[in-house]
Structures are given as structure tokens and as C-alpha cells.
Amino acid sequence: MDTLRMTAPPNNGATSNIGLFRTLEASLSRNSTGRSFCIAGRFHTYAELGARISEIRATIKSNIPSEEKLVGVVANDDLGTYAALLALWAEGRAYLPLTPEAPVDRNARITARAGIKHALCSDDNTSFLTCKAIRTDALPEVPLDVTFPDHRDDDLAYVLFTSGSTGEPKGVPITRGNLGTFITGFDALGIPVTATDKCLQMFELTFDLSVMSYLVPLLHGACVYTVPKNEIKYGYIAELLEEQGITLALMVPSIINYLRPYFDEIQCPALKHSLFCGEALPLDVTTEWSRCVPNARILNVYGPTEHTIFCTQYVFDPAGANKQVNGVLSIGKAMFGSSIVVVDEQRKILPPGEKGELCLGGGQMTPGYWNDPERTAQAIFLMEHEGLIQRFYRTGDLCTIDAQGDALYLGRLDHQVKIQGYRVELSEIEHHARAFLVRTSAVALAVMNDAGNNEVALAIEGPEGEVKPLIEYLRSKLPGYMVPTRTRFVAEFPLNTNGKTDRKALQAMFTNPA
Ligand code: AMP
């Protein structure tokens, strides 16, 4: 695969990216006196953001060869980091976020796999990088340059690495065309964003929901409110919603699970749009949440990183009957520019009401995994739909689509789980645990905590032993949210009727400990 320009079949269906970058350029010029970011309680204007973009793009030009299209960015919570993302786009490059909180080893493997030679960094914490660091925090002033020259739709916008079942994270490249299609689809949702809006950005830059959370406000001159890394997320978010009067918020459902005990005290009349994505949205919590946000339209949106941020939407009706299965709100209909179908094991499209794997088509779909044609061939296939041969992405989500075209989420077909909204392949945890334990079986599971959120548990086969060295080893290999918070030794793993390890029985040992 050409790693500089992503090739996809002509019917990829992506909307042109040019309009998106024209809008961004106009917004940066027009709103110079307005507030662009509120970071750790400090406001920055669009003029400040523009000045930082201009400085960083001059540095990119003089330090990074023009043929180097993918550049690392250390994902800090500051203006310099956001300006670096936009400066890379202005220069026709793409970004790969690297978080200092991830294990050095994981960042090193991602950097090597993506072929990253340089990373832009807004502070002096660069020692963890295994490529050349370019500091962006004390650059000389340059004339303002917030133009975004035209680039092709198949040029890259960003690459994110998600948990991989074989122990190696997989790279998901997203093109400018993919991003352009997402923004067109978002605009069609009827969520008007203006320069008076205050928008929440609660996500790590390694999680693609961050892209909507900073990009949509910046396109319209609105202010982005970030959540500092050292704060307790849900508490800080509640404060932002109430005290700052956030008007647009995209969150993972685990945030409202944590806030649920405080719902009686929470009132956010300023919130106009409350979006949830990343994991199943329980109807009961949503109904209770709707009373905290009396003026908000609540939307459940759905989508994998591979299909650019999100691609379906369901509007919650606080007064009416909502579509749900097992208490989980429907994920709704495809957004403009995307299509959804449910297929059987032979990849035949199933009629309404039947259960199968949800597959996604349209211009938001990645051209394929980064330098991994094998995984790409497993996940993306060609199929005739509405008279056209189109590419479809297999989500691994078990769904049905009803007669009105609303999809209902029934669970996963594999061992992928969500921890605080982050996508986690349990087999990636098992891979590393087994590497440490040597010839000992270990099974990773998601178990629910008292707040109703998932935590990682690890069952280890064998007599009681010390677990600390294993946890320390896992910490050196995996991001914090993937490190087990509960462990249990089981003399002999139970087997199911097929003779396989009985994961359900192991799960029960954590939820109903003897
Ligand atoms: P990610 O690539 O991290 O965005 O994870 C994508 C996966 O998250 C999907 O395949 C689903 O399993 C899950 N997911 C995302 N949004 C929702 C939602 N609204 N409801 C249920 N599951 C969701």
C-alpha cells in the first residue's frame, strides 16, 4: 500500500475535503477576537491559535522534508498541540498522536510501524520519543498564515492506532476525503454550531471522537473546552457543563454512569445538544440524564474509528417511546454519506428484523489498515448494494435493522470490549499476560463495576501466586485503561460443552465471588 497517498476504489464515495478546509480557513480569519479554546481554565483567542499555527507551519517547512507526509504529535493538553494538528493539515501533512502516558514500548512500536521520523512536541517531555522531537513551545514569531491550500481527497488527515487482537495495535488511516464526508454528514444532522457555542472536548487525541470535538467548533468560531489530564474526568465535565454553560457535548456513556448518583444536583439548562458515542447507551440512564439537561436534544451516535468518528444517529425522545433492545437505545439510521446493512455469515444482506453483523459503506470508510493488506482483506469487502458494487466494512457488531431503517445494537461478535469508551481487544491483554506468565493460561474479561462501567479482570490458571510483577509488566506494555484492575487465580479453568475455556463461568467468578 502506498503509505503517502491512500488508494481506494473510485466508488469510495467521499465528499471533497476542499469545502471543509475553506471553512476552517475562513473561520480562523473571521473570528480572530473570539475565544478558540479554554484549556485548564485559561482562554485563548482565535488570533492566538492562528499565530501558533503560523509559527509551527514555518517550523514544519524548514525541518521536515516535504515528502514526509505523516508526522507525530505529542498529545498534550495545550494550545500548541492543537495548533500543531492544524499546522500539519495546512502544510498538506497528516498527524499521528503519541501520548506520553502510554508505555514507551507501545509508542516505540507505533512510531516504527507508521514510519514516523519526526514528532512535534509542545513541552520538554520528549525523552519517551523514539523519533526526532521538534519543540513547538518557543518558536520565533512569523507573519500570520492561516491559509489551507487545496489537497487531494485521498491524502491522509490522520492515523490512529487501535487495540489489535494479535497483540499489536492496528493503524487506521483516515483521509481528507473521509473527514470531508464526516463533516458533510454532521452538518446534515441539524446541529447548528455558531461562534457563541461552547463545546466540550473530553477525549485523548488518540481517540477519534476528539476530532469531532475540536474540529466542529473551530469550523464555526465556537470555543473548545478541554478536560485537563490530571482531573477526575466526570467531575470536571460536570463543572464545565454547569458553570461554563457548555452548549454542545459529545461524551461516552460511562461519564453519565459515574454522574448518576449526583443527577439530583445537576442542572445544565445551557446544554443544547448532548451526544453519546463509543459504547452502548442505556435507556434508563439516558432518561434520567434528560432531566438534568432539560433544553438539550440527546443523540446516540455510533461508529468505529475505521468509518471516521461516527456514522449513525438516533434522536432520544424524552416524552415518547424510544427504540431499544435489552435496555440499550437504538443507534438509529445511517448519516448522510454512509449506508448500513446487516449481513449473515455468507455476507448476504438480511431483511429487516434479522440479526447479523452490521456492515458500513460510504465515503467515511478508511482505505484500509496501515500497511496491513491481510487485515484489510478480512475487514473490508466488495458487495452489490442498491445497484452498485460498493466497499463495506465489517464492524464485528451484532445488530438488527428494523423496517424504518433504525439499527439496534445487540452486542459484539468477538472479544472486543469498551473500557471508558476505549476500544480494547481482550486478546491483546491475554497475549501480553501469557508472554509474561509462560505456559500459563490467562483470560481477560470485562466485568461491570458498581457504577455500571466496565473494568478489565484477568483470570490466571494455577495456584495462588504473586500478581504484582505481572501487573507491572502489563503496565509497561499497555495503556493504563487496559491494565487489569481485578485478578483471580483459578486452579483449573472451567470448560464449556465444546471443551473450550468457559469465559462466562470465569466472568461469574468475578461478579459473584465465592
Ligand atoms: P471505536 O473504534 O473506538 O470508535 O469503537 C467502535 C466500536 O464501539 C463499535 O464497533 C461498537 O462496538 C462500539 N460503539 C460505538 N458507538 C456505539 C454506540 N452508540 N452504541 C453501541 N456501541 C457503540
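Values in this document were obtained by computation on a predicted structure and should not be read as measured data.

A look at unusual backbone geometry
- Positive phi, close to 50°, is recorded for E386, a residue that is not glycine.
- If you trace the backbone, E386 turns up in the loop between strand 20 (380–385) and strand 21 (388–401).

Here's the deal with the sheet that holds strand 27 (residues 486–490)
- Ordered in space as 25-26-27, the three strands form an open sheet in which the pairing is mixed. Of all strands in the sheet, those bounded by a partner on one side alone are strand 25 (442–448) and strand 27. Each neighbouring strand pair of the sheet contributes to a mean axis angle of 25°, computed without reference to strand direction.
- Relative to strand 27, strand 26 (residues 454–461) is paired through five bridges, and the arrangement is parallel. Its bridge partner being in strand 27, E461 is matched across the sheet by V490.
- Helix 13 (residues 503–511) rests against strand 25, strand 26 and strand 27 of the sheet, and its axis sits at about 55° to strand 25.

With respect to the site of the ligand
- As a matter of local geometry, the ligand sits amid 18 residues, with V301, T305, D397, K418 and R423 nearest to it.
- Within the contact set of the ligand, a nitrogen atom lies 3.0 Å away from a backbone nitrogen or oxygen of G278.
- Side-chain polar atom of D397 to an oxygen atom of the ligand: 2.5 Å apart, as the coordinates give it.
- Summarising the interface, the protein chains cover 98% of the accessible area of the ligand, which totals 490 Å² for the free molecule.
- Mapped onto the shell around the ligand, the elements with two or more residues apiece are strand 13 (297–302), strand 22 (407–412) and strand 23 (416–419).
- At three residues, the largest contribution of residues to the shell around the ligand is made by strand 13.

Digging into the pattern of salt bridges
- Under the criterion given, the structure shown has 30 salt bridges.
- Taking the shortest distance from any N to any O, the salt bridge between K323 and D402 comes out at 2.8 Å. With K323 in the loop between strand 14 (312–315) and strand 15 (324–325) and D402 in the loop between strand 21 and strand 22, this pair connects stretches of sequence that are 79 residues apart.
- Look at K323 and you get partly exposed, because its relative accessible area is 24%.
- Classification of D402 as buried rests on a relative accessible area of 17%.
- Here K323 and D406 are joined by a salt bridge, their closest N and O atoms 2.6 Å apart. Within this pair, whereas K323 is found in the loop between strand 14 and strand 15, its partner D406 is found in the loop between strand 21 and strand 22, the two being separated by 83 residues in sequence.
- In the salt-bridge network here, residues are joined through shared partners; they are D105, R109, R113, E168 and K477.

Some points on the packing of helix 5 (residues 176–187) against helix 6 (residues 209–219)
- Between helix 5 and helix 6, the shortest axis-to-axis distance is 12 Å and the interhelical angle comes to 70°. In terms of orientation, helix 5 and helix 6 fall into the roughly perpendicular class. Considering the relative orientation of helix 5 and helix 6, their crossing is right-handed. Of the residues in helix 6, those touching helix 5 at L179, F182, I183 and F186 are V211, M212, L215, V216 and L219.
- The residue inventory of the contact of helix 5 with helix 6, partitioned by class, reads nine nonpolar, no polar and no charged.

Points about the side chain of S254
- Positionally, S254 belongs in helix 8 (residues 253–259).
- For S254, a relative accessible area of 3% corresponds to the buried category.
- Among the polar contacts listed, one links the side chain of S254 to the side chain of E279, at a separation of 3.4 Å.
- Every residue in contact with S254, bar those within four places of it in the chain, is listed here: E279, Q420, G421 and N453.

Details of helix 1 (residues 18–30)
- The terminal C-alpha atoms of helix 1 lie 18 Å apart, and with 13 residues this matches the ideal 18 Å at 1.5 Å per residue to within 8%.
- Every buried residue belonging to helix 1 is among L20, F21, L24, S27 and L28, and all of these are buried. One side of helix 1 carries all its buried residues, which in axial view fall inside an arc of 120°.
- Elements in contact with the buried residues of helix 1: helix 2 (46–63), helix 3 (79–90), helix 5 and helix 6.

Remarks on the layout of surface pockets
- Roughly 180 Å³ of volume is contained in the second largest pocket.
- Taken together, the elements giving at least two residues each to the lining of the second largest pocket come down to strand 19 (356–362) and strand 21.
- The residue inventory of the lining of the second largest pocket, partitioned by class, reads three nonpolar, one polar and six charged.

Focus on the pairing of strand 25
- Of all seven residues making up strand 25, six are buried, and the element is well covered by its neighbours.
- Looking at chain direction, strand 25 and strand 26 are connected through seven bridges and run antiparallel. Bridge pairing in strand 26 places A446 opposite V456.
- Counted along the chain from strand 25 to the antiparallel partner strand 26, the turn is five residues long, and its residue G452 has a positive phi close to 90°.

Rules used in this analysis
- Residues numbered from 1 in each chain as written.
- Predicted model: local features only at pLDDT ≥ 70, side-chain atom pairs only at ≥ 80, totals over all residues.
- Heavy atoms only, no water.
- Helix = DSSP H or I, 4+ residues; strand = E, 2+ residues; numbered from the N terminus.
- Pairing = 2+ DSSP bridges.
- Axes fitted to C-alpha atoms, helices over the stretch in contact; angles between N-to-C directions.
- Contact = heavy atoms within 4.5 Å.
- Near = heavy atom within 4 Å.
- Polar contact = N/O pair within 3.5 Å; in protein donor to acceptor, adjacent residues only side chain to side chain.
- Areas by Shrake-Rupley, 256 points an atom, 1.4 Å probe, with all protein chains shown as cover.
- Salt bridge = Lys/Arg side-chain N within 4 Å of Asp/Glu carboxyl O.
- Buried < 20%, exposed > 50% of the residue type's maximum accessible area, 1.4 Å probe, protein only.
- Parallel < 35°, antiparallel > 145°, perpendicular 65-115°, else oblique.
- Left-handed = near helix turned anticlockwise from the far one by under 90°.
- Nonpolar A, V, L, I, M, F, W, Y, C, P; charged D, E, K, R; others polar.
- Expected span 1.5 Å × (residues − 1).
- Arc of directions from axis to C-beta.
- 1 Å grid on protein atoms, 1.4 Å probe; cavity = no way out; pocket = protein on both sides within 12 Å on 5 of 7 lines; lining within 4 Å.
- Points joined across faces, edges and corners; volume = space filled by probe spheres on them.

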